[in-house]
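One letter stands for each residue in the lines below.
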Amino acid sequence: DTEVTQTPKHLVMGMTNKKSLKCEQHMGHRAMYWYKQKAKKPPELMFVYSYEKLSINESVPSRFSPECPNSSLLNLHLHALQPEDSALYLCASSQGGTSGATDTQYFGPGTRLTVL
Amino acid sequence: AQSVSQHNHHVILSEAASLELGCNYSYGGTVNLFWYVQYPGQHLQLLLKYFSGDPLVKGIKGFEAEFIKSKFSFNLRKPSVQWSDTAEYFCAVASGGYNKLIFGAGTRLAVHP
């Protein structure tokens, strides 16, 4: 099973709202990722968690706040977003650990976020 | 910095035609190479990957890719496309210990019956 699930599928929020995106995997993977994909563009890495610790933050604005409460869950907390943050937010997971760059990332279906 | 180039942004083919999508990367060290596919309304799926060994790798749904180190290329091929292959195809490169994936801009393939 290579399934990564994400909720919600769609989210509409105002610029003053606080919301969270959730991602879950049960493959025993120890690395999890958040990507942002704008329309007709490739995914762009935002954050990487390895063994529940943040290992990469690609200079993402602080209005995006990731959290990894355990090895199966990854959240992305959203606050005071801008309309240009509207995009598809993808979660991925991989085995992690010493496999390093030979890892394969498996992607969830994404949450389509619209900021009004 | 690493980069990935996909030269064909849009490709239109008829069913049964052969497909080759180009992918070139810029990185001098050891890389791992991937092709992902995104069908309309669906999530990114792994088509195939190259880590080491035989430079000709076979993936799902009849796709294959060839790693040519001297040309920094990892082109995707399929001998005979089907309408169901209509999708966006992304080449991606990973290197280093953090498995940071860099994606190409994508190629949008449309296959007409």
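Structure first, text after, so check above.
Residues numbered from 1 in each chain as written. Chains lettered and ligands numbered in written order. Predicted model: local features only at pLDDT ≥ 70, side-chain atom pairs only at ≥ 80, totals over all residues. Heavy atoms only, no water.

K.L.:
What's the story with the overall build of chain A in this structure? I'm lost.
P.N.:
Check the secondary structure of chain A and you find zero helices and 11 strands. The linear arrangement of helices and strands in chain A, starting from the amino end, is β-β-β-β-β-β-β-β-β-β-β. Taking 116 residues into account, the globule formula puts the C-alpha radius of gyration at 13 Å, and chain A, at 13 Å, falls close to it. Seen along its three principal axes, the alpha-carbon backbone of chain A occupies a region of about 40 × 25 × 25 Å. The 116 residues of chain A split such that 48% are buried. As presented, chain A carries roughly 5600 Å² of accessible surface, and 49% of it is formed by carbon and sulfur atoms. Put simply, chain A has 12 plus and 10 minus side-chain charges, and the middle of one group is 8 Å from the middle of the other. (Helix = DSSP H or I, 4+ residues; strand = E, 2+ residues; numbered from the N terminus. Rg over C-alpha atoms; globule rule 2.2 N^0.38 Å. Buried < 20%, exposed > 50% of the residue type's maximum accessible area, 1.4 Å probe, protein only. Areas by Shrake-Rupley, 256 points an atom, 1.4 Å probe, with all protein chains shown as cover. Lys, Arg positive; Asp, Glu negative; His and termini not counted. Charge placed at Lys NZ, Arg CZ, Asp CG, Glu CD.)

K.L.:
Help me understand the state of the cysteines, please; the structure alone is not making it clear to me.
P.N.:
Working definition of a disulfide: a covalent bond connecting the sulfur atoms of two cysteines. Residue and element names in this part refer to chain A. Inspection of the entire model under this criterion finds two disulfides over all chains. The residue that forms a disulfide with C23 is C91, at a sulfur-sulfur distance of 1.9 Å. With the S-S bond torsion at -70 degrees, the cross-link from C23 to C91 turns out left-handed. Residue C23 is found in strand β3 (residues 18-25), and its partner C91 is found in strand β9 (residues 87-94); the two are separated by 68 residues along the sequence. Take C23 and C91: they sit in the same class, and that class is buried. (Disulfide = S-S within 2.5 Å.)

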